[in-house]
Amino acid sequence: MVRFKHRYLLCEVVSDDPRCRLSLEDRVLGSLVRDTIARVHGTFGAAASSIGFAVRYLNAYTGIVLLRCRKEFYQLVWSALPFITYLENKGHRYPCFLNTLHVGGTIRTCQKFLIQYNRRQLLILLQHCTDEGEREAIQKSVTRSCLLEEESGEEELSDGGGEEAADTME
């Protein structure tokens, strides 16, 4: 059996209109990328990149997109992304572009890069705060979201531990 290697392109949808990101759908974005590859690289590019191409992750709120393609043809996909200048969905046309953040061999490496990227963006955001109240509000929201994640993880651990202890007592 042969293992097919893939490349993952971590991209960010950049647009001035916030409705653009909220109207994102993986089906629409996938067909837009396929059409752009066909327009830029012709029939060969469309056929070569369509095998194994998929939109693996899409976050409409942050505009982060993870595209998967075959290793041999990832440069065709990568080189076609700058030619995407708009997103058309439900009769509306929004001007936007895709900014490629990272190219990785696994989803895990893309996740690690995304965590580092978000930390850098948060530091930049905190440095550009105009007053102390705005800075404190951002720090509170980040701290609150981190505490909620930790509490949900602790509840899962404590629930699982209680069942195991009850089983060993019986």
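All figures in this text were calculated on a predicted structure; none of them were measured in a lab.

Here's the deal with the sheet that holds strand E6 (residues 97-104)
Read across the open sheet, the four strands follow the order E2-E3-E1-E6; overall the sheet is antiparallel. At either end of the open sheet lies a strand with only one pairing partner, and these are strand E2 (54-59) and E6. Shown here is a sheet whose adjacent strand axes are inclined to one another by a mean of 25°, direction ignored. Where strand E1 (residues 6-14) meets strand E3 (residues 64-70), seven bridges bridge the pair, whose relative direction is antiparallel. Looking at the pairing, His6 lines up with Arg70 of E3. In this fold helix H4 (residues 107-127) packs onto E1, E3 and E6, with an angle of close to 120° to the strand it touches most, E6.

Some details on the layout of surface pockets
The space that makes up the largest pocket amounts to roughly 260 Å³. For the largest pocket, the full set of lining residues is Glu12, Arg21, Tyr57, Asn59, Thr62, Ile64, Leu114, Ile115, Tyr117, Asn118 and Arg119. Put simply, the parts of the chain that give the lining of the largest pocket at least two residues each are E2 and H4. In terms of residue count, the dominant contributor to the lining of the largest pocket is H4 (five residues).

Brief notes about the side chain of Ser15
Note that Ser15 resides in the loop between E1 and helix H1 (18-22). Within the structure, Ser15 has its side chain in polar contact with the backbone nitrogen of Asp17 (distance 3.2 Å). Residues contacting Ser15, with those up to four places away along its chain left out, are Cys20, Pro95 and Cys96.

Some words on the pattern of salt bridges
Taken as a whole and judged by the stated rule, the model has four salt bridges. Note that Arg27 and Glu25 form a salt bridge whose closest N and O atoms lie 3.1 Å from each other. Classification of Arg27 by relative accessible area gives exposed; the value is 59%. Glu25 gets classed as partly exposed once you look at its relative accessible area, which sits at 26%. Between Glu72 and Arg70 there is a salt bridge, with the nearest N and O atoms lying 3.8 Å from each other. What makes Arg70 buried here is its relative accessible area of 17%. Among the charged side chains, a salt-bridge network with shared partners connects Glu25, Arg27 and Lys90.

The rules behind each value
Sequence order sets the numbering: in each chain, residues are counted from 1 along the sequence as written. It should be noted that, the model being predicted, local features are given only for residues of pLDDT at least 70 and side-chain atom pairs only at 80 or more, the latter also being counted only at that level, while totals for whole chains, interfaces and linings use all residues. Each side-chain value is worked out from all heavy atoms of the structure, with water and hydrogens disregarded. At least two DSSP bridges between two strands are needed for those strands to be called paired. Secondary structure elements are taken from DSSP: a helix is a run of H or I of four residues or more, a strand is a run of E of two residues or more, and numbering for both begins at the N terminus. Interaxial angles span 0 to 180 degrees and are taken between N-to-C directions of axes, which are lines fitted to C-alpha atoms, for helices over the stretch in contact. We call two residues contacting when some pair of their heavy atoms lies within 4.5 Å. Both cavities and pockets are sets of points on a 1 Å grid over the protein atoms alone; in a cavity a 1.4 Å probe fits but cannot get out, in a pocket the set is open with protein on both sides within 12 Å along at least five of seven lines, and lining residues sit with an atom within 4 Å of a point. Grid points are joined across faces, edges and corners, and a volume is the space filled by probe spheres set on the points. We define a polar contact as two N or O atoms separated by no more than 3.5 Å, with the added condition that, inside protein, one atom must be a possible hydrogen donor and the other a possible acceptor, whereas residues neighbouring each other in sequence contribute only through side-chain atom pairs. We count a salt bridge whenever a side-chain nitrogen from Lys or Arg sits within 4 Å of a carboxyl oxygen from Asp or Glu. Between buried and exposed lies partly exposed: a residue is buried under 20% and exposed over 50% of the maximum accessible area for its type, with that area taken using a 1.4 Å probe on protein chains only.

Distances and angles like these do not, on their own, reveal function.
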